[in-house]
Amino acid sequence: MKRYAIIGFGCAGYYAAKTLRKLQPECWIDVYSDTDKAPSNPMLTTYYTAGRIPWGNLFPFGERQEVMKELKVNSFIHSAVQKVCASERSVTADGQKQRYDDIVLASGAAALIPPIAGLPQKGVYVMRTPEDAQKLLDAAGSGIRSALVIGASWVGIKVVEALRAHNISSVLADMASYIFPTVCLPEAAVYIHDRVRRLGIQLKFGSGIVSMREDEDGIVSVFADADEVKTDIVVLCMGVRPSVAYLDPGEVGIGRGIRVDCHMRTNVEHIYAAGDCCETREIMSGDYMPVNLWANAVVQGQIAGKNIAGYPEEFRGAFAHNITHFLDMDFIGLGNPRLSGETVEFGETETGNYVCAIIKDGKLRCANILGNYRVSGFFKHWFVWQQEHPEGGIPLWLRAGLLREGISEEFITLMGGSGI
């Protein structure tokens, strides 16, 4: 009987286990987890804090006992994995060592808390886990009136929205010059900033946090430009870092995450990685990078399980694609805004159908969409199609979909969409 270990039990770990159980019904699967809760979706935490979903909805696969019964796995709850020795395929947890035929590293990522001088012990929150969401919800119900949210990311803007639902005023800050700096284009950011400010939300960009100090009635945050912002609480939404402390970086290749090939294999035979702890090739640039999306974690977990079970399959590669609804507006970001090219715009934000894109050599390299979320799927397919069909042309069904959603013939052609 084959013996497998899965380190971490989020989305990727769940799908790796589910795939292995389906393809090898008699295999032995040990799951190591630092929580007694079922796999949760980090992107739903702000919805819970805002009061838009109940606690149970944070766990899309059901209660932990149900999941364990479904997958028939052995669960090591609250088992701190001290070490995974890749060369001998062993896991050491709570002082006990076990060896396996294959190991899937699916330990996810944790909220980044940088070393900020004077960081208070109380009144500072992050948003990643169900516990984080509950802590911020408890704070929101304790009578606080103001918050500083540091990090103008997808999480940061949703935290602002959640606080707004509790009538808490927010300042959104980032050392970058504009919102969503990893995916947003400056032209699109102008429109987003204007709409956010009109809702009474303060924005502070272009200066990083330097230090904090506790005051008798709040927290004073000091920025590099010497500005000081005083609020009741601070929420850090400054990104995540892969949870890989149990690995020897001299043994397993680690960049900004555990580096894997298209089969989700690391540089060590029989050691795989999937989900937010790993990095794969980005299809636009060819560079390795983490793209921490639920959809990626699903596919990567499945592919790791299939390859382990002897059913070879490849991950087609990742590219940044995000769609979010916040403060009554939709924003979709696709591709890499750092790639060079010509910036072109289509439509108007007032019409709910605005696109800002980077085009180079007749290829779409990055797109920001405001308002029309329905068109996002067609743009995503267009990105992938161009990578897989470099000879050019656009399939008729894709052209028809873009036209139906109000994208003009001229703009489609500008993006390299000559018909085939």
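What comes next is a walk through the structure. (Residues numbered from 1 in each chain as written. Predicted model: local features only at pLDDT ≥ 70, side-chain atom pairs only at ≥ 80, totals over all residues. Heavy atoms only, no water.)

## Quick look at the pattern of salt bridges
Pairing between side chains of opposite charge can happen when their charged atoms approach one another. Evaluated as defined, the whole model comprises 21 salt bridges. The residue Asp 36 makes a salt bridge to Lys 37 at a minimum N-O spacing of 3.9 Å. Given the relative accessible area of 41%, Asp 36 is considered partly exposed. Lys 158 is the partner of Glu 161 in a salt bridge, and the nearest nitrogen-oxygen pair spans 2.7 Å. (Salt bridge = Lys/Arg side-chain N within 4 Å of Asp/Glu carboxyl O. Buried < 20%, exposed > 50% of the residue type's maximum accessible area, 1.4 Å probe, protein only.)

## Structural notes on the packing of aromatic side chains
Taken as a whole and assessed by the stated rule, the structure comprises 13 aromatic pairs. Ring centres 5.1 Å apart and planes at 90° place the aromatic pair Tyr 14 and Tyr 15 in the edge-to-face group. Summarising the burial analysis for this pair, Tyr 14 and Tyr 15 share the class buried. Every member of this aromatic cluster is reached through a ring pair, and the members are Tyr 14, Tyr 15, Phe 61 and Trp 294. When the ring centre of Tyr 288 is taken as reference, the NZ or CZ atom of Arg 259 above it lies at 4.2 Å. Over the ring of Tyr 373 we find Arg 374, and its NZ or CZ is 5.8 Å from the ring centre. (Phe/Tyr/Trp six-rings, centres within 6.5 Å; stacked < 30°, edge-to-face > 60°. Lys NZ or Arg CZ within 6 Å of the ring centre and 35° of its normal.)

## Brief notes about empty space enclosed by the protein
All chains considered together, the criterion is met by one cavity of 30 Å³ or more. In this structure, the largest cavity spans a volume of roughly 40 Å³. Forming the boundary of the largest cavity are Gly 275, Cys 278, Glu 279, Thr 280, Met 289, Pro 290, Val 291, Asn 292, Asn 296, Gln 300 and Ala 318. Listing elements by their share of the lining of the largest cavity, those giving two or more residues are strand 20 (278-281) and helix 7 (294-308). Counting residues per element, the lining of the largest cavity draws most heavily on strand 20, at three residues. A breakdown of the residues in the lining of the largest cavity according to their chemical character gives five nonpolar, five polar and one charged. (1 Å grid on protein atoms, 1.4 Å probe; cavity = no way out; pocket = protein on both sides within 12 Å on 5 of 7 lines; lining within 4 Å. Points joined across faces, edges and corners; volume = space filled by probe spheres on them. Helix = DSSP H or I, 4+ residues; strand = E, 2+ residues; numbered from the N terminus. Nonpolar A, V, L, I, M, F, W, Y, C, P; charged D, E, K, R; others polar.)

## Details of the layout of surface pockets
Rolled over the atoms, a probe as big as a water molecule pinpoints where empty space is left. There is about 380 Å³ of room inside the second largest pocket. Along the walls of the second largest pocket sit 18 residues, with Phe 315, Arg 316, Gly 317, Lys 380 and Val 384 positioned nearest its centre. Counting only elements with at least two residues in the lining of the second largest pocket, the list comes to helix 7 and helix 8 (376-388). Tallied by class, the residues present in the lining of the second largest pocket amount to eight nonpolar, five polar and five charged.

## Observations concerning the sheet that holds strand 6 (residues 96-99)
Strands sit in the order 4-5-6 across an open sheet of three strands; the sheet is antiparallel. For this open sheet the edge positions go to strand 4 (81-85) and strand 6, each flanked by a neighbour on one side alone. The mean inter-strand angle of the sheet, taken between neighbouring strand axes irrespective of direction, is 15°. Two elements, strand 4 and strand 5 (residues 90-93), share four bridges in a ladder whose sense is antiparallel. Within strand 5, the position partnered with Val 84 by the bridge is Val 91. (Pairing = 2+ DSSP bridges. Axes fitted to C-alpha atoms, helices over the stretch in contact; angles between N-to-C directions.)

## Thoughts on helix 9 (residues 396-404)
Taken together, the buried positions of helix 9 are Leu 398, Arg 399, Gly 401 and Leu 402. Summarising the axial view, the buried residues of helix 9 lie within an arc of 160°, below the 170-degree limit, and thus occupy one face. Opposite the packed face of helix 9, turned more than 90 degrees from it, sit the exposed residues Leu 396 and Arg 404. In this fold, the buried residues of helix 9 make contact with helix 8 and helix 10 (409-414). Backbone geometry just downstream of helix 9 places Gly 406 in the positive-phi region, at approximately 95°. (Arc of directions from axis to C-beta. Contact = heavy atoms within 4.5 Å.)

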